[in-house]
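Examining the three-dimensional arrangement
In case you want the letters, here they are:
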Amino acid sequence: MFYRPAEGHGLPHSPFSAIVSPRPIGWISTRASTGDNLAPYSFFNAVGYTPPQVMFAGDYRDSMANAMESGVFAVNIVGEAALEAMNATSARFPRGTDEFLAAGVAKAECVAIDCPRVDDAPATLECRVVKLVDLIGPEKLLLGEVVGIHLRDDCLVDGRLDPARYHPAARLGYHDYTFVREVRELRRPKDPAQE
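The structure presented is a predicted model; accordingly, all values stated were derived computationally and were not measured.

1. Here's the deal with the packing of aromatic side chains
Scanning the model with the defined rule gives two aromatic pairs in all. Note on Phe-56 and Phe-73: the rings are 5.2 Å apart at their centroids and 70° apart in plane angle, and the pair reads as edge-to-face. Separated by 17 residues along the polypeptide, Phe-56 in strand 5 (residues 52–58) and Phe-73 in strand 6 (residues 72–77) bring together distant segments of the chain. Here the two residues Phe-56 and Phe-73 agree in accessibility, since each one is buried.

2. Observations regarding the pattern of salt bridges
As enumerated under the stated definition, the model contains twelve salt bridges in all. The closest approach of N and O atoms between Arg-160 and Glu-185, which form a salt bridge, is 3.8 Å. Pair noted here: Arg-160 is in strand 12 (residues 160–161) and Glu-185 is in the segment after strand 14 (177–179), with a separation of 25 residues, a long-range link. The exposure classification of Arg-160 matches that of Glu-185, with both residues exposed. Shared partners join several salt bridges into a network, and the residues in it are Arg-31, Asp-36, Asp-98, Lys-107, Glu-109 and Asp-114.

3. Looking at the pairing of strand 6
Where burial is concerned, most of strand 6 is hidden: six out of the six residues are buried. As paired elements, strand 2 (residues 26–32) and strand 6 share four bridges and run antiparallel to each other. Across the sheet, the residue bridging to Trp-27 is Asn-76, located in strand 6. Examined bridge by bridge, strand 6 and strand 9 (residues 123–134) share five bridges and lie antiparallel to one another. Counterpart to Ala-74 in the pairing with strand 9 is Glu-126.

Conventions adopted
- Residues numbered from 1 in each chain as written.
- Predicted model: local features only at pLDDT ≥ 70, side-chain atom pairs only at ≥ 80, totals over all residues.
- Heavy atoms only, no water.
- Phe/Tyr/Trp six-rings, centres within 6.5 Å; stacked < 30°, edge-to-face > 60°.
- Helix = DSSP H or I, 4+ residues; strand = E, 2+ residues; numbered from the N terminus.
- Buried < 20%, exposed > 50% of the residue type's maximum accessible area, 1.4 Å probe, protein only.
- Salt bridge = Lys/Arg side-chain N within 4 Å of Asp/Glu carboxyl O.
- Pairing = 2+ DSSP bridges.

Here you go:
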């Protein structure tokens, strides 16, 4: 089948998010004058390496408003054990609700920024806001520079973050999720110009 998104797909549910999958989940924590906030974003990813940078995108709601007010946010990586708690924080709570408390998620403080983080997350990226970008339509994209990184000690094996220790959650289409359970190492080919 072929369809133009502007004309509709004729299916019971949009296949777009199922096509672009799996997507990592950024569990975004923020702090602002209205209080602490925690919400998941499946339109999240790393976008730069030096310096490390990340982005998340969606409706301009509490997470983005708080990040723009404070200038900072944290990205907490979601392991399989936290899936239900992560999902609970996706509810549309009234502005000012502390989702950490509402969902029973243990909170810790960041180090390099004034922001809460998920205490037992396998990894957390502390970020400073770089830019807010208007997308076509109502959604926005927020870019951040990573200025601090937390790694849970039990997830480190031989100096590497081991996904088998926490099974990162990823979003598929519809209401579906998956988890990293198998890893295959594949090195890049050598550059012929350097041989």
